[in-house]
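Coordinates in review
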Amino acid sequence: MRNTLILLLLLFVFGCKENYTPKPRGYYRIDFPEKSYTALDHSFPYNFEIPEYAQIEKDNRNPDKPYWINVAVPANKVEIHISYYDIDSDQLLFELMEETRTLAYKHSVKADAIDERLFLNPQQKVYGTIYAIEGNAASPMQFFLTDSTRHFLRGAFYIREVPDIDSLSPVINFIEPDIIHLIETTSWNN
């Protein structure tokens, strides 16, 4: 017993010649695919282009809404929730626009800033607002698009991870141009 104790004491004293410094916390390397897009099928009252690495999923939480979908990028745990409304009055349009603004600004508790940008595409009769939410918010981008008479489309970008802007910013920076492309290519199927 005494020999074991002396051996352990010697190992402890002579075994550590340098001070131990822990390695800084790192993040996984994320490989992103090449950007290329494909059109959504024409079974919806709206049309837009999505990345080829994305897939369309029905919104299972709202089975009574046939045009509500999720554009998912499983490799990056990304979902873009798409909600569609067939509007029939100016009052409903105003309520939906206000609801979208309210949902975007619910993130202001965690957000550093919320940047509102107008989107206008008169050739396709697509008008809307994009909410870019900066900081550790659950949704880094939300938007709505409308033709002001019949169609209303709302989108919300979510990453199924704990919001940590340091680790998620590469994914956000990769997906945001895809969302802008989706918005820019939106048209209505009458």
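Before reading further, recall that the structure is shown in the block above.
First, a word on what this report is: a plain description of the structure on this page. Residues take numbers from 1 onward in each chain, read along the sequence in its written order. Whole-chain, interface and lining totals are the exception, using all residues; otherwise, since this is a predicted model, local features are given only for residues with pLDDT of at least 70 and side-chain atom pairs are given and counted only at 80 or more. Only hydrogens and water are removed before side-chain values are computed, so all heavy atoms of the structure are retained for them.

1. Considerations on the pairing of strand S7 (residues 111-121)
The side chains of a regular strand alternate, first on one face of the sheet and then on the other. Paired strands, in this sense, are two strands between which DSSP finds at least two bridges. Secondary structure is summarised from DSSP: a helix means a run of H or I of at least four residues, a strand means a run of E of at least two, and numbering begins at the N terminus for each. With 10 bridges joining them, S7 and strand S8 (residues 126-135) adopt antiparallel strand pairing. Paired with phenylalanine 119 across the bridge in S8 is glycine 128. What sits between S7 and S8 in their antiparallel hairpin is a turn of four residues, with lysine 125 showing a positive phi close to 55°.

2. Describing the sheet that holds strand S10 (residues 151-159)
Strand pairing within a sheet occurs via backbone hydrogen bonds; the two strands may be parallel or antiparallel. Taking strand neighbours across the sheet as the criterion, the seven strands line up as S4-S5-S6-S10-S9-S8-S7 in an open arrangement whose pairing is antiparallel. The strands lining the two open edges of the sheet, one partner per strand, are strand S4 (55-58) and S7. Taken pair by pair, the neighbouring strands of this sheet meet at an average axis angle of 20°, ignoring direction. Two residues qualify as a contact provided that any one of their heavy atoms is within 4.5 Å of a heavy atom in the partner residue. To define axes, lines are fitted to C-alpha atoms, for helices over the stretch in contact only, and angles between the resulting N-to-C directions are given on a 0 to 180 degree scale. Across the sheet, helix H2 (residues 90-105) lies against strand S6 (78-86), S7, S8, strand S9 (141-146) and S10, angled at about 10° from S10, the strand it touches most.

3. Topic: a nonpolar patch on the surface
Surface patches are defined over residues having more than 30% relative accessible area and no salt bridge, joining like charges when they lie within 9 Å and nonpolar side chains (Val, Leu, Ile, Met, Phe, Trp, Tyr) when within 5 Å. Only the protein chains shown count as covering a residue, and every accessible area follows the Shrake-Rupley method with a 1.4 Å probe. When a carboxyl oxygen of Asp or Glu is within 4 Å of a side-chain nitrogen of Lys or Arg, the pair counts as a salt bridge. Side chains of Leu7, Leu8 and Leu11 sit close together on the surface and give an oily, nonpolar patch of about 310 Å² of accessible area. Within the element layout of this structure, leucine 8 appears in helix H1 (residues 2-15). The rule is simple: take the accessible area with a 1.4 Å probe, protein chains only, and divide by the maximum for that residue type; under 20% is buried, over 50% is exposed, in between is partly exposed. Given the relative accessible area of 52%, leucine 8 is considered exposed.

4. Examining helix H3 (residues 165-184)
For an α-helix the count is 3.6 residues per turn, leaving residues at separations of three or four pointing the same way. At valine 171, H3 is deflected by roughly 30°, the largest bend along its length. Every buried residue of H3 is accounted for by Leu168, Val171, Ile172, Phe174, Ile175, Asp178, Ile179, His181, Leu182 and Ile183. Given a residue, its bend is the angle between the two axes fitted to the seven residues that end at it and to the seven that start from it.

5. Observations regarding the packing of aromatic side chains
Centre distance within 6.5 Å is the pairing criterion for rings of Phe, Tyr and Trp, where only the six-membered ring of Trp is used; planes under 30 degrees apart are then read as stacked, over 60 as edge-to-face, and the remainder as tilted. Within the structure shown, the criterion is met by 11 aromatic pairs. Both rings, one in tyrosine 46 and one in tyrosine 84, keep their centres 5.6 Å apart while their planes meet at 40°; by these two values the pair is tilted. Placement of tyrosine 46 in strand S2 (residues 46-47) and of tyrosine 84 in strand S6 is noted, with a sequence separation of 38 residues between them. On the accessibility criterion, tyrosine 46 (0% relative accessible area) is buried. Residue classification places tyrosine 84 among the buried positions, given a relative accessible area of 7%. Residues tyrosine 105 and tyrosine 131 carry aromatic rings whose centres are separated by 6.2 Å and whose planes lie at 80° to one another, so their mutual orientation is edge-to-face. A residue pair is termed long-range when its members are at least 10 positions apart, and tyrosine 105 in helix H2 and tyrosine 131 in strand S8 qualify at 26 residues.

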